[in-house]
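Reading the structure
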Amino acid sequence: MNKTVTVNIGGRVFNIEESAYQKLNNYIETIRSYFDGSEGVDEIISDIELRIAELFMERVTDQKQVITNADVDYVVSIMGKPEDYVDNDEEEYSESTETSKRVFRDPDNRVFFGVCGGISAYFGWDPIVLRALFVIVTLFYGSGVLIYLILALIIPKAKTTAEKLQMRGEPVTVENISKKVNESVNTMREDIKDFGKKKQVRTATGKIGDFFDDLFNALARILRVLFKIVVKVLGVLLLIIGIGGIVTAVGMAFGLQGFINLHDTHVFGDHQFGALWNGTLVSAWQRGIFITGIALVYFIPIVAFILLGIRLLFDHIRISGVLGIVLLIFWFVGVGLLTATGINTASEFSVETSFNEDADIEIPAVDTLYLDLSSRDAVMYEFSNQLSGRNIFIPEDVTFPGADSTDYMYMGKLRFTVEKNYDSNRFELELKRSSRGSSQKDAVANARQAKTHVEMSGDTLLIHPYFALSEGDKLRGQNAKYILKIPMGKSIHIGESTGHILYDVPNATNTYDGDMTGKTWTMTADGLTCLSCPETEQKIQEDTDTSDNVRERDEWLKEEKERLEKAIEELEKKREMLDEVESE
């Protein structure tokens, strides 16, 4: 177990073993003593520390956060030891490793911002050629200035000696840094000496270049600051979203059934959720795969938001790319599980069926049948929620004949209509069922799960206004409709409370379903007719008037026919008399 210390190297914080720190400190102090008394020593040491920080950052990983003696030895092998070239009369240190090139703006070789000088140094070109190319592009295409300004904003300026060495692809070693600093100092001396002798003043081009260079540097700094602010704000938002998602997940950690129960108590929403869950995904493996898919699709982005938010807020924290790939793979696995569940569930809705069956009830031989609801309390309940175009009602303290309401998870609105009975002189009641399933057999079985209730009380047909599905049944779009077949001349009295179960009841006067209640309707050749309704009497009178007119027309035609026949007989007699005269 080694003791570690925290140090700041080149503006970056590192955790380093104490022995490694001592070795690194001795190395830097040796360099400082070598350059002691030289001009630019502070700049040399600063550039060396920046380069050391860059090399250390390359050695730090998620699994290795502490700088060791081996890391310090690696840095020394790259940077070189001062005594190696001091003893050799300042010969080049041959064992140094070349560093990779980077593009910078060259402040020592510039007209405006040093873009051409920096790019030329990177590729080893003459900057005059590149500047001429920008001028040509500007003259013929008009885009040279825009390209130059964009490059000036996005390419950083080589401020340190190490960056100037990297710009030319030269190894960033102690020797090269010292040489570069000495060259800069000598150049500065020559400029000062020439300035004192010739009293030169800077040209207008140089002043303009300095002005725009300072302007763009200031603009670049502002943009960098704004970008950092936006990044930090984005990081905070991602963390808030991620933490909010975790809080929601913790709330659901009590169990999905508990979440469903919260829905049933209206804490999170209406009480349809539990019925939809239990009725749609009826098998345990379907629910298991669905929950696993939801968990992966939901939690993976939440984890990604949190990790990305931490990375944006804390620059020194790195997120492994392998972790991102693993999270992405698991997210696609979740999508695949949800897709498989959806396809499997959709297959159970692929076949639709409907069929009629005789209702299990015998209607007595009466001339007028009365229609009413079997439960007047049921009229008080309304259907306020919609699902797939069909009303849904989850019972709460609503009873169904012959069973406890807790045995049912779903109630649907029953429908009622009538037809003309051509085969019998008695009232007959049929039940039309419809549903979906994975096969014809399955669809028929699902349709038969819908429970209905009908009974006779004297000459009154009592129908329960809902059909119901028991706990454990499948929700597969079940529907139920009663069809009453009425013979010619028989009548039905539709009760006032039955309006909301009537469904497109055919009648001779095209009366709306809701307006048919409270009246007696008789089956005629034209359909159901309300003989006691004012509008029906008016229609009968109109039909009677029309019949009288037809009778009068027929009598007139008969008289005209008789008259014409007599006229023809007279003409025949006259023609015979003429024929006799001509023959004589």
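Above this text you will find the structure in question.
Note that the structure is a prediction, hence the values are computed from the model and not measured.

**Description of the sheet that holds strand S1 (residues 4-9)**
Taken together, the 3 strands give an open sheet; going across it, the order is S1-S2-S3, and neighbouring strands pair in mixed fashion. A single partner strand is all that each edge strand has here, and the edge strands are S1 and strand S3 (66-67). Pairing between S1 and strand S2 (residues 12-17): 6 bridges, direction antiparallel. Counterpart to Val5 in the pairing with S2 is Ile16. Sitting on the sheet, helix H1 (residues 18-34) is in contact with S1, S2 and S3, with an inclination near 115° to S2.

**Some words on the packing of aromatic side chains**
Summed over the entire model, instances satisfying the criterion amount to 4 aromatic pairs. Measuring from centroid to centroid gives 5.7 Å for Phe14 and Phe56, while their planes differ by 70°, and the two rings are edge-to-face. With Phe14 in strand S2 and Phe56 in helix H2 (residues 41-59), the pair connects residues that are 42 residues apart, well separated along the chain. Residues Phe123 and Trp125 carry aromatic rings whose centres are separated by 4.8 Å and whose planes lie at 20° to one another, so their mutual orientation is stacked. Its relative accessible area of 48% is what places Phe123 among the partly exposed residues.

**Side note on the sheet that holds strand S5 (residues 368-373)**
The sheet built from 6 strands is open, its strands ordered S11-S12-S5-S15-S16-S17 with mixed pairing. Unpaired on one side and paired on the other, strand S11 (454-457) and strand S17 (527-529) mark the two borders of the sheet. Each neighbouring strand pair of the sheet contributes to a mean axis angle of 30°, computed without reference to strand direction. Bridge count for strand S15 (residues 491-494) against strand S16 (residues 519-524) is 4 bridges, and the pairing is antiparallel. The residue bridging Ile492 from the neighbouring strand is Trp521, located in S16.

**Describing unusual backbone geometry**
Here Asp504, not a glycine, exhibits a phi torsion of approximately 50°, which is positive. With respect to the helices and strands, the residue Asp504 is situated in the loop between S15 and S16. Here Asp504 falls in the exposed class, since its relative accessible area comes to 60%. In the Ramachandran plot, Asn510 falls in the positive-phi region, its phi being about 55° despite a non-glycine side chain.

**A few points about the pairing of strand S10 (residues 428-437)**
Burial within S10 is extensive, with 7 of its 10 residues counted as buried. In this sheet, S10 lies alongside strand S4 (residues 351-358) in antiparallel orientation, the contact comprising 8 bridges. By the bridge assignment for S10, Thr353 is matched with Ser435.

Basis of the calculations
Residues numbered from 1 in each chain as written. Predicted model: local features only at pLDDT ≥ 70, side-chain atom pairs only at ≥ 80, totals over all residues. Heavy atoms only, no water. Pairing = 2+ DSSP bridges. Helix = DSSP H or I, 4+ residues; strand = E, 2+ residues; numbered from the N terminus. Contact = heavy atoms within 4.5 Å. Axes fitted to C-alpha atoms, helices over the stretch in contact; angles between N-to-C directions. Phe/Tyr/Trp six-rings, centres within 6.5 Å; stacked < 30°, edge-to-face > 60°. Buried < 20%, exposed > 50% of the residue type's maximum accessible area, 1.4 Å probe, protein only.

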